[in-house]
Amino acid sequence: MEQYTVTGMSCAACSARVEKAVSGVKGVSSCSVSLLTNSMGVEGTASSADIIKAAVDAGYGASE
């Protein structure tokens, strides 16, 4: 599982939005976002660039 830092989340709806956006990336088999730690764990074959782009497109910051 690859770990990412997610910024800009302030509530459960935010983390759900990031999770939904990243889960929709081709090659992502699972995605778990934690609001408490501002982190995200992603499993699958998707590139980190595609995963970060999905989170950014959803309106949040993301980095490895």
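Everything that follows concerns the structure shown earlier in this document.
In what follows, the accompanying structure is described. (Residues numbered from 1 in each chain as written. Predicted model: local features only at pLDDT ≥ 70, side-chain atom pairs only at ≥ 80, totals over all residues. Heavy atoms only, no water.)

1. Section: the overall build of the chain
Part 1 of the argument: Looking only at helices and strands, the chain features two helices and four strands.
Part 2 of the argument: Reading the chain from its N terminus to its C terminus gives the helix and strand order β-α-β-β-α-β.
Part 3 of the argument: Computed over the C-alpha atoms, the radius of gyration of the chain is 10 Å, within 12% of the 11 Å expected from 2.2 N^0.38 for a compact globule of 64 residues.
Part 4 of the argument: Principal axes of the C-alpha set define a box for the chain whose edges measure 30 × 20 × 15 Å.
Part 5 of the argument: The burial tally for the chain puts 33% of its 64 residues in the buried class.
Part 6 of the argument: Long-range pairs, those at least 24 residues apart, make up 53% of the contacts in the chain between residues at least 6 apart in sequence. (Helix = DSSP H or I, 4+ residues; strand = E, 2+ residues; numbered from the N terminus. Rg over C-alpha atoms; globule rule 2.2 N^0.38 Å. Buried < 20%, exposed > 50% of the residue type's maximum accessible area, 1.4 Å probe, protein only. Contact = heavy atoms within 4.5 Å.)

2. Topic: the packing of helix H1 (residues 12–23) against helix H2 (residues 48–57)
Part 1 of the argument: The interhelical angle for the contact between H1 and H2, taken along N-to-C directions, is 140 degrees, at an axis separation of 8 Å. If you check the angle between H1 and H2, you find them oblique. At the point where H1 passes H2, the crossing takes the right-handed sense. Seen from H1, the contacting residues are Val18, Ala21 and Val22; seen from H2, they are Ile51, Ala54 and Ala55.
Part 2 of the argument: Looking at the contact of H1 with H2, its residues break down into six nonpolar, no polar and no charged. (Axes fitted to C-alpha atoms, helices over the stretch in contact; angles between N-to-C directions. Parallel < 35°, antiparallel > 145°, perpendicular 65-115°, else oblique. Left-handed = near helix turned anticlockwise from the far one by under 90°. Nonpolar A, V, L, I, M, F, W, Y, C, P; charged D, E, K, R; others polar.)

3. So, the sheet that holds strand S4 (residues 61–63)
Part 1 of the argument: Within the open sheet, the four strands sit side by side as S2-S3-S1-S4. Their pairing is antiparallel. One side of each edge strand has no neighbouring strand; the edge strands of this open sheet are strand S2 (28–34) and S4. Neighbouring strand axes in the sheet, compared pairwise and without regard to direction, differ in orientation by 25 degrees on average.
Part 2 of the argument: Both strand S1 (residues 2–7) and strand S3 (residues 39–44) contribute to a ladder of four bridges, which runs antiparallel. Across the sheet, residue glutamate 2 finds its bridge partner in S3, namely valine 42.
Part 3 of the argument: Across the face of the sheet, H1 comes into contact with S1, S2 and S3 while running at roughly 165 degrees to S2. (Pairing = 2+ DSSP bridges.)

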